[in-house]
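# What the coordinates show
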Amino acid sequence: MAEASPPIPTCDSQSARQGRVISEINSSLLPYLGRIFNAHAGPNKTWQRDQIISFLHHRQADKVTEASADISAKEELDFSGFLQYMTSNAANALAPPEETDFSWPLSSYYISSSHNTYLTGNQLNSDSDADAYKNVLLRGCRCVEIDVWDGDESDSESDSSDSSDTDSAGEKKKAAKGASRKQRIASKFPRSLTNRLEKTSLGSKVTTQKDGNLAAGDTSSEKQEPKAVAVEPRVLHGYTLTKEVSFRDVCETIGKYAFVVSDLPVIVSLEVHCNSQQQEMMVEIMHDSWGEFLLAKPGADAQNLPAPGDLRRKILVKVKYVAPGASPSADEEDAKDHLPPEAQADPKAPAKKPSKIIQTLSALGIYTRGVSFKSLTQPEASMPTHIFSLSESGVEETHDKYAQLLFEHNKKYMMRAYPSGMRIQSSNLDPPVFWRKGIQIVALNWQKWDEGMMLNEGMFANTGGYVLKPVGYRGEKTAVEAAANMAPPAILYHTLDLKITVFAAQDLPLPHKDDKASGFKPYVKVELHTEPPHTLLASKHEDARAKEGEYKARTHTQKGLHPDFKSEVLAFEHVGGVVPELAFVRFLVKDDEIGRDDLAAWACVRLDRLRSGYRFVRLFNTKGALSNGILLVKVEKTLS
C-alpha cells in the first residue's frame, strides 16, 4: 500500500466547495515535492521570505494577488506549509478565469451551448428527460434546445420554415402521406423492437395487427369522446425511437435551474413543429414557467444587440422571426411589406413565404430572432437581432466560399452551429473550428464526453457560460464606435514554445467497465489544439469533424494507479499562428492495451489559463466527473 502524507488542511472554503483541494499526497508524489522544496531551501530546511517570493515569481509566474498571496506574506515556510500550498487551488494547473467585461454586445461572446438537450443518449432510441436540462444548466450551459411537437397525437408535420396549408383537402392529403411514412419507417424495425416502438413518439402512430405487421392507426374505429383537458405540447426527436417528455416539465425545469450557478442570460432555442393552437399553449406555458425571467416587449425594434451584463437572470427565446402584421394566410404578394425595415429598403429583396409560426410566439424572440439562412447577403442578415442556425456542413460550405464574409458577419451578428444529423451516436463536432470562425453558439451533445465536450469544458470552465472573444474577433462595442468607422484591431497571433515535464500521478481512475487495477498500464498523452489564422483557411480545408490535436506527444507506459512517469519531458516547439484564447492543451491518461487504448482520465485547459511552474492537473473520469486523480507536472510556456 502506498505511503501517504498526513491529511493536509484546506486553504479556503471556496476550494473546499469546489472539491478541488487534495487531501493526501502518497509516496509516488512525495519524493518529487521534497526535491522541489529542497532545491529552494536553506541549510535549516526552510524557505525565507525572499526564497518564497523568488519561487512564486520566477518558477510559478504567479501574481501576489492570486491565491498564492497566502504564502507570499509569510516570513518562513517549512515543508508542511509548502505541501499546503501545492495541494491548494493556488497550485492548480488551471488558473481561475480573469474578471470578464460583460458590457460588450452579445455577438462578442462565445456561449456554452447544448444540442437536442432533452436526449439522455444517442439520437435514435434514447430517453428524453426534463432532468437533462437540469444537468446541463448546473454544469454551466447557457443555451439549451427544445424540439416541440403537438401533444394531441395529430403529429403535425409542419416545420417552422414551411408555408401555411389551410384547405381541408390539403390537410387530409398530408395526414395520409404522414401515416404512410410512419408505416414505412415502422416496417424497417425488427420485430424485437416492436414493444419498445409502441412506447415511443413514433410508436404512438402505429398499431400491431394480428399478423404481426405494423400498420397505420385504424381511422375506421369509432370516434372517441372529446378529451376534457387539452393535451399539452411535447418534446421529442421526431420520428425516432426516442421517448417524449412534456413541454411544461421542460420549461419548469429550466425555470428552476436556469440561474443556480450563473445569473448570465439563458438562451432557449425552440424548434417548433406545432400547429397554431399548440403554439398558443406553448406561449402560455412559457409565461407560467418563466414569468419575470422573460423579457418585456420593447417599444421598438432594437438597433443594437444588448450586453449580457444587462440581461442578467433573463431567458431569451430563440424562435423563428415573423414580422409584425404577417399571418399564415398572408398572400405572398404582400409578404414583402412585412420584412424588417432594413430589408424593405432593398428593391430586389424577394417576397417572404408566409410563416406557420404565430405572432404571439414569434414576439418572444426579441434579441434572438431565428431567420432561415440563405446567404450572408440576404436582407435579414443586416437585422441586428437575427440569428442564423447552420449545420456543421452548412458552415463548412459557407466558409469554403465566403470565409472572410462569414468571419466579418459573426463579429456583429449572432450565429449558431449544430452537429450533423448523421451523428446518430451523439458524437460531437470540433468546436474550436467554429469558434475560430466567430460563431458564438456551438451546440454540442452534452451526454457524450468525447473530444468536443472536453474542449468545451476547457473553454468555459468556471466562467458562467460566457467567454469574451479575443481581440480581432469582436465588432465595435458601441454605436458610437461603429459610427466612427475606425479600422478594426488585428488578431494577435503568437509563436508558442511549450514544455511539460510529467513527474508522477496518484489515484488514477480506471477506464470505464474496468475493475482490475493490477492490469492497468497507464501513459499520459498531451495534445495541443491550435490552428493557423482563419485568413489562411480559404486555401486550406479545415475538417469540421472531431479529430485529434495537430500536435501530440506521450510518455512511456507505466503500471498501477499511482504511476511514476520519471520526469519525462513532452515538448511543442516554435508553434506559430497561436491565439492563446482559442488554443487548448488536453491531458489524456490512457491504458496501454492491444488494439485501442481505453481512456481512463482527462483534463483540458485553455492555453491562456494554463499556469506555468510546478502544478497539479486535476483529472476527470470518462463520465465527466472530477475524480481524485492528479498529475504532477512542470509547465514551461513561452509566447512570443
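This is a predicted model, so every value here is computed, not measured.

The next subject is the overall build of the protein chain. What the protein chain contains, in helices and strands, is 17 helices and 23 strands. The buried share among the 640 residues of the protein chain stands at 52%. Taking all contacts inside the protein chain whose residues are at least 6 apart in sequence as the whole, residues at least 24 apart take part in 73%. Per element, the accessible surface of the protein chain, about 29,200 Å² overall, is 50% carbon and sulfur.

Take the nonpolar core next. With 78 residues, the main nonpolar core has Ile146, Phe247, Ile254, Leu270, Met286, Trp290 and Leu361 as its most contacted residues. Broken down by element, this core gets its largest block of residues, 6 residues, from helix H10 (residues 276-290). Once residues within four sequence positions are removed from consideration, leucine 270 is found in contact with Ile146, Val148, Phe247, Met282, Met286, Val317, Lys318, Val319 and Leu361. The next biggest cluster of nonpolar side chains, apart from the first, holds 34 residues, and it includes Ala461, Leu607, Leu619 and Leu631.

Before going further, it helps to spend a moment on the packing of helix H6 (residues 131-138) against helix H9 (residues 247-257). Put simply, H6 and H9 touch, their axes get as near as 8 Å, and they point 25 degrees apart. Considering the angle they form, H6 stands roughly parallel to H9. The element H6 and its partner H9 pack so that their crossing is right-handed. For the pair H6 and H9, contact is made by Tyr133, Lys134, Leu137 and Leu138 and by Val250, Thr253, Ile254 and Tyr257, respectively. Here the contact of H6 with H9 is composed, by residue class, of 6 nonpolar, 1 polar and 1 charged.

Where burial is concerned, most of strand E10 (residues 315-320) is hidden: 6 out of the 6 residues are buried. Of the strand pairs in this sheet, strand E9 (residues 266-273) and E10 are connected by 4 bridges, and their pairing is parallel. Counted as the bridge partner of valine 266 is isoleucine 315 from E10. With respect to chirality, the unit in which E9 leads through H10 into the neighbouring parallel E10 is right-handed. Sheet topology places E10 next to strand E11 (residues 369-370); 2 bridges connect them, and they run parallel. Residue pairing across strands places valine 319 opposite arginine 369, the latter belonging to E11.

Time to look at the environment of arginine 436. By the secondary structure assignment, arginine 436 is in the loop between helix H15 (431-435) and strand E14 (441-444). Through-space distance from the C-alpha of arginine 436 to that of glutamate 531 is 8.7 Å; in sequence the pair is 95 residues apart.

This part covers the pairing of strand E3 (residues 109-114). E3 sits mainly inside the fold: 6 of its 6 residues count as buried. Alignment of E3 against strand E15 (residues 466-468), held across 3 bridges, turns out to be antiparallel. Pairing of tyrosine 110 across the sheet is with valine 467, part of E15.

Across all of its chains, the model carries 22 aromatic pairs by this definition. Seen in terms of ring centroids, tryptophan 149 and tyrosine 239 are 5.8 Å apart; in terms of plane orientation they differ by 85 degrees. Their pairing is edge-to-face. Here tryptophan 149 is found in strand E4 (residues 143-149), whereas its partner tyrosine 239 is found in the loop between strand E7 (234-235) and strand E8 (245-246), with 90 residues between them in sequence. Measuring from centroid to centroid gives 5.4 Å for tryptophan 449 and tryptophan 602, while their planes differ by 35 degrees, and the two rings are tilted. A residue pair is termed long-range when its members are at least 10 positions apart, and tryptophan 449 in the loop between E14 and helix H16 (451-460) and tryptophan 602 in strand E21 (residues 598-606) qualify at 153 residues.

Packing of H9 against H10 leaves a shortest axis separation of 9 Å and a crossing angle of 30 degrees. One way to sum up the angle between H9 and H10 is to call them roughly parallel. H9 and H10 meet at a crossing whose hand is right-handed. Residues Phe247, Arg248, Cys251, Glu252, Ile254 and Gly255 of H9 form the contact with H10, whose participating residues are Met282, Ile285, Met286, Asp288, Ser289 and Trp290.

Counting across every chain of the model gives 7 cavities of 30 Å³ or more. Size it by volume and the largest cavity reaches roughly 100 Å³. Forming the boundary of the largest cavity are 13 residues, of which Leu94, Ala603, Val605, Arg618 and Phe620 lie nearest the centre. At the level of secondary structure, the elements contributing two or more residues to the lining of the largest cavity comprise E21 and strand E22 (613-620). Among the elements that take part in the lining of the largest cavity, E21 stands out by supplying 4 residues, more than any other. For the lining of the largest cavity, the residue count by class is 9 nonpolar, 1 polar and 3 charged.

A few words on unusual backbone geometry. The backbone of tyrosine 239 sits at a positive phi, close to 55 degrees, despite the residue not being glycine. Its identity is not glycine, yet asparagine 462 carries a phi of approximately 60 degrees, on the positive side. For asparagine 462, the position within the fold is in the loop between H16 and E15. On the basis of relative accessible area, asparagine 462 is assigned to the partly exposed category, the value being 49%.

The grouping of Leu138, Val260 and Val261 at the surface amounts to a nonpolar patch, some 240 Å² of accessible area in total. Position of leucine 138 relative to the elements: it lies in helix H6.

This next bit is on the pattern of salt bridges. Throughout the structure, instances matching the rule amount to 15 salt bridges. Note that aspartate 101 is salt-bridged to lysine 477, the shortest N-O span being 3.0 Å. Taken as a pair, aspartate 101 in the loop between helix H5 (79-86) and E3 and lysine 477 in the loop between E15 and helix H17 (479-484) lie far apart in primary sequence, 376 residues in all. Residue aspartate 101 is classed as partly exposed on the basis of its relative accessible area, which comes to 31%. Accessibility expressed as a relative area gives 25% for lysine 477, which makes it partly exposed. A salt bridge links glutamate 527 to lysine 525; the shortest N-O distance between them is 3.5 Å. The pair formed by glutamate 527 and lysine 525 is uniform in burial state, with each residue classed as buried. Salt bridges sharing common partners tie together Glu451, Lys525, Glu527 and Arg586.

Another aspect to go through is the confidence of the model for the protein chain. Averaged over all residues, the pLDDT of the protein chain is 83; the fraction at 70 or higher stands at 75%. A low-confidence stretch, residues 329-345 stays under pLDDT 50, and its non-local contacts, those more than four residues away or across chains, total 29 contacts. Counted against residues more than four places away or in other chains, residues 533-548, with its pLDDT under 50, gives 44 contacts.

A separate point is the side chain of glutamine 123. One can find glutamine 123 in the loop between E3 and H6. A polar contact is formed between the side chain of glutamine 123 and the side chain of asparagine 116, at a distance of 2.7 Å. A polar contact of 3.4 Å, which involves the side chain of glutamine 123, links it to the side chain of asparagine 445.

Rules behind the numbers
- Residues numbered from 1 in each chain as written.
- Predicted model: local features only at pLDDT ≥ 70, side-chain atom pairs only at ≥ 80, totals over all residues.
- Heavy atoms only, no water.
- Helix = DSSP H or I, 4+ residues; strand = E, 2+ residues; numbered from the N terminus.
- Buried < 20%, exposed > 50% of the residue type's maximum accessible area, 1.4 Å probe, protein only.
- Contact = heavy atoms within 4.5 Å.
- Areas by Shrake-Rupley, 256 points an atom, 1.4 Å probe, with all protein chains shown as cover.
- Core = buried A, V, L, I, M, F, W, Y, C linked by side-chain atoms within 4.5 Å.
- Axes fitted to C-alpha atoms, helices over the stretch in contact; angles between N-to-C directions.
- Parallel < 35°, antiparallel > 145°, perpendicular 65-115°, else oblique.
- Left-handed = near helix turned anticlockwise from the far one by under 90°.
- Nonpolar A, V, L, I, M, F, W, Y, C, P; charged D, E, K, R; others polar.
- Pairing = 2+ DSSP bridges.
- Right-handed = clockwise from strand over helix to strand, strands pointing away.
- Phe/Tyr/Trp six-rings, centres within 6.5 Å; stacked < 30°, edge-to-face > 60°.
- 1 Å grid on protein atoms, 1.4 Å probe; cavity = no way out; pocket = protein on both sides within 12 Å on 5 of 7 lines; lining within 4 Å.
- Points joined across faces, edges and corners; volume = space filled by probe spheres on them.
- Patch = residues over 30% accessible without salt bridge, like charges linked within 9 Å, V, L, I, M, F, W, Y side chains within 5 Å.
- Salt bridge = Lys/Arg side-chain N within 4 Å of Asp/Glu carboxyl O.
- pLDDT = per-residue confidence, 0-100.
- Polar contact = N/O pair within 3.5 Å; in protein donor to acceptor, adjacent residues only side chain to side chain.

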